[in-house]
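Single-letter residue listing:
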Amino acid sequence: MSLADEVSVEAPAAKLSISGVSKRFVSGQRSVHALDDVSLDVGEGEFVCLVGPSGCGKSTLLNLVAGLDLADSGQISADGIPINAPGRDRMVMFQEAALFPWLDVLGNVMFGLRRKPGLTDAERREVAEFYLRLVGLEKFHHAFVHELSGGMKQRVALARALAPNPRVLLMDEPFGALDALTREQLYGDIQRIWQQRKKTIVFVTHNVREAACLGDRVVLFSPHPGRIREQFKIDLPRPRDINSVELARHATAITAALKNHVRPEAEVAE
Amino acid sequence: MKRAGLAALFFAALFVGWELLYRSGFWSPVLLPSPLVVGRYLWEATVDGSLLSATLVTVKRLFLGYVFGLLLGLPLGLLTARFRVLADTLGLLALGLQALPSVCWVPLALLWFGQTEAAMFFVVVMGTLWSVIIATDNGVRNVPPIYARAARTMGSSGLHTWLWVIFPAALPFIVAGMKQGWAFAWRSLMAAEIYVTILSGFGLGHLLHYGRELNAMEQVIGIMLVLLLIGLLADKIFFSPWERFLHRRWGTAK
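Residues numbered from 1 in each chain as written. Chains lettered and ligands numbered in written order. Predicted model: local features only at pLDDT ≥ 70, side-chain atom pairs only at ≥ 80, totals over all residues. Heavy atoms only, no water.

S.K.: Lay out the domain arrangement of chain B in plain terms, naming residues and giving numbers.
M.R.: Interface extent is often summarised as the accessible area lost during association of the parts. For chain B, the domain assignment lists domain 1 (1-32) and domain 2 (37-250). Computed over C-alpha atoms only, the centres of domain 1 of chain B and domain 2 of chain B are separated by 31 Å. (Domains from an automatic or database assignment.)

The following block contains the structure:
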């Protein structure tokens, strides 16, 4: 297999189908109803953002799609094939970069590639270098994780997630811990890479503006139990600027809806 | 280089202070010989081969027992961290025995194995094994679960995850445990050598013991210097490179 094949964009983007999914977490006496009868379809090449306050189950749903956890009931499938374990067709970016400190940058990107059969080591290296170039870290192959800034760590994590050429990228508040300026740069990068590499992206965030900036569609969750409340289509041209007035208008509408859905619950709690 | 120079200066000053103390005549030279006398003993013992052969005997005992303890302790520690049933049994035993001063194994070893190499080997292994098990177990439990989850999404599972994710992630703890195990092993071996004569070889502990019997203070101090040197070298040769590696990778160095 050549580099051209390995980094080709022809791998068809997956279509995710989530139907009637519920999930409860029980620890001791307490039971948290994280997801209640959630259904959602994600189209090929679509960029979907899941927003909602903490505890609304958006990260839980992402973990279920990743195959890291299993649903209590309901079905999740990618291209019609039920998901019950992690797979290289669905790569995850976590809030903490979760890079391995005992490996250098290249080693981290190579980790997943080493598990991918059918490649020689030289090819794996080429692929890893290709993605490090894509995220702008070609000069940092041999840097150690602790030497990188927060933004650079997330770029490595992105390269690592892209390297096995998955069809779906699952991103769990990947920019949550970064400063505003670094975040803005990454918004630009992620939009560019998404368009170039034609991925299907499910992106979890509690930042409404971020969701409106990145998503084709914004899915609003409410907590206790986690449910989908509303969906918003964002059809602004790309690349989008997070500071644009148009985008702010969308974000305001979503925020209003969010408050609307969360308040009644809060009153019940009181 | 500057730091090495400073260290050399410091030790030179120590020896000068010692010589001055000796010359003051405050203590009897039987109790405090001159460093020059100690140096002469070390030189003579080196020339007649007794020091070298004792060092080899001791270092060989230490090395064999330590490596065996490591090879046994590392996998056992991984297993106690992985399987609750082992944590509740073997883990508990290791915790208890780790707190036991390892010299306490000497009487038992002598009764079981007699005055043989096997007894020495046993004592060193007991000194190493338990703290290595505890450190490995503890290291694994301190690995952030996100590493294993991230690895799973990249197609790693089972033994691969243990070898290539959990184990390296636990390394800082494991190396600390190896160091502690080494210290315990070294102490217990010395205690055993001073305590009993092992017919199959005279180690440094024996030379130390005979120094006392013969009232030869220059031998006692000379051997102690050799022991100190071995401890220092072991640290610099075996552990420092590991610790430098960990500090560089994890970014924990100052």
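S.K.: Pulling in residues and values, what's your account of the interface of chain B and chain A?
M.R.: The partner chain A presents 25 residues to the 20 residues of chain B that form the contact. Of all residues in chain B, the largest losses of buried area upon contact with chain A belong to Thr153, Met154 and Arg249 of chain B, amounting jointly to 35% of the total for that side. Seen at the junction of chain B and chain A, the total is one salt bridge. Between Arg149 of chain B and Asp69 of chain A there is a salt bridge whose closest N-O contact spans 3.6 Å. Connecting chain B to chain A are seven residue pairs in polar contact (both at pLDDT 80 or more). For the side of chain B that touches chain A, the element with the most residues is helix H7 (residues 145-153) of chain B, which contributes seven residues. (Contact = heavy atoms within 4.5 Å. Buried area = accessible area lost by both parts, 1.4 Å probe. Salt bridge = Lys/Arg side-chain N within 4 Å of Asp/Glu carboxyl O. Polar contact = N/O pair within 3.5 Å; in protein donor to acceptor, adjacent residues only side chain to side chain. Helix = DSSP H or I, 4+ residues; strand = E, 2+ residues; numbered from the N terminus.)

S.K.: Give me the nonpolar core: which residues, what numbers.
M.R.: By size, the foremost hydrophobic cluster in this structure holds 157 residues, and its most contacted members are Leu50, Leu158 and Ile254 of chain A together with Leu204 of chain B. Ranked by the residues each element gives to this core, the list is headed by helix H8 (residues 158-195) of chain B, at 14 residues. Beyond its immediate sequence surroundings of up to four residues, Leu204 of chain B is in contact with Leu51, Ala54, Thr55, Thr58, Met190, Glu193, Ile223, Val226, Leu227 and Ile230 of chain B. (Core = buried A, V, L, I, M, F, W, Y, C linked by side-chain atoms within 4.5 Å. Buried < 20%, exposed > 50% of the residue type's maximum accessible area, 1.4 Å probe, protein only.)

S.K.: Let's hear about the packing of H7 of chain B against H8 of chain B: which residues, and what values?
M.R.: All names here are of chain B. With their axes 10 Å apart at the nearest point, H7 and H8 run at an angle of 155° to one another. In terms of axis orientation, H7 runs roughly antiparallel to H8. Between H7 and H8 lies a crossing whose hand is right-handed. Residue-level contacts link Tyr147, Ala148 and Ala151 of H7 to Thr161, Val165, Ile166 and Ala169 of H8. Tallied by class, residues from the contact of H7 with H8 come to six nonpolar, one polar and no charged. (Axes fitted to C-alpha atoms, helices over the stretch in contact; angles between N-to-C directions. Parallel < 35°, antiparallel > 145°, perpendicular 65-115°, else oblique. Left-handed = near helix turned anticlockwise from the far one by under 90°. Nonpolar A, V, L, I, M, F, W, Y, C, P; charged D, E, K, R; others polar.)

S.K.: So, the sheet that holds strand E5 (residues 81-82) of chain A: which residues are in play, and what are the values?
M.R.: Residues and elements named next belong to chain A. Across the sheet, four strands lie side by side as E2-E1-E4-E5; this open sheet has antiparallel pairing. Edge positions in the sheet fall to strand E2 (30-42) and E5, since each has one partner strand and no second. Two elements, strand E4 (residues 73-78) and E5, share two bridges in a ladder whose sense is antiparallel. Pairing of Ala78 across the sheet is with Ile81, part of E5. Here helix H2 (residues 58-66) sits on the sheet in contact with strand E1 (16-27), E2 and E4, set at roughly 115° to E1. (Pairing = 2+ DSSP bridges.)

S.K.: Give me the lowdown on the environment of Tyr22 of chain B, citing residues and values where you can.
M.R.: Tracing the backbone shows Tyr22 of chain B in helix H1 (residues 2-23). The sequence separation of Tyr22 of chain B and Pro35 of chain B amounts to 13 residues, and the corresponding C-alpha distance is 8.5 Å.

S.K.: Give me the lowdown on the pattern of salt bridges, citing residues and values where you can.
M.R.: Considering all chains together, one arrives at 20 salt bridges over all chains under this definition. With a closest N to O distance of 3.1 Å, Arg124 of chain A and Asp121 of chain A form a salt bridge. Within this pair, Arg124 of chain A and its partner Asp121 of chain A are both found in helix H4 (residues 121-134), separated by three residues, close to a single helical turn. Between Glu19 of chain B and Arg23 of chain B there is a salt bridge, with its nearest N and O atoms 2.7 Å apart. One end of the pair is Glu19 of chain B and the other is Arg23 of chain B, both in helix H1 and four residues apart, which spans about a single turn.

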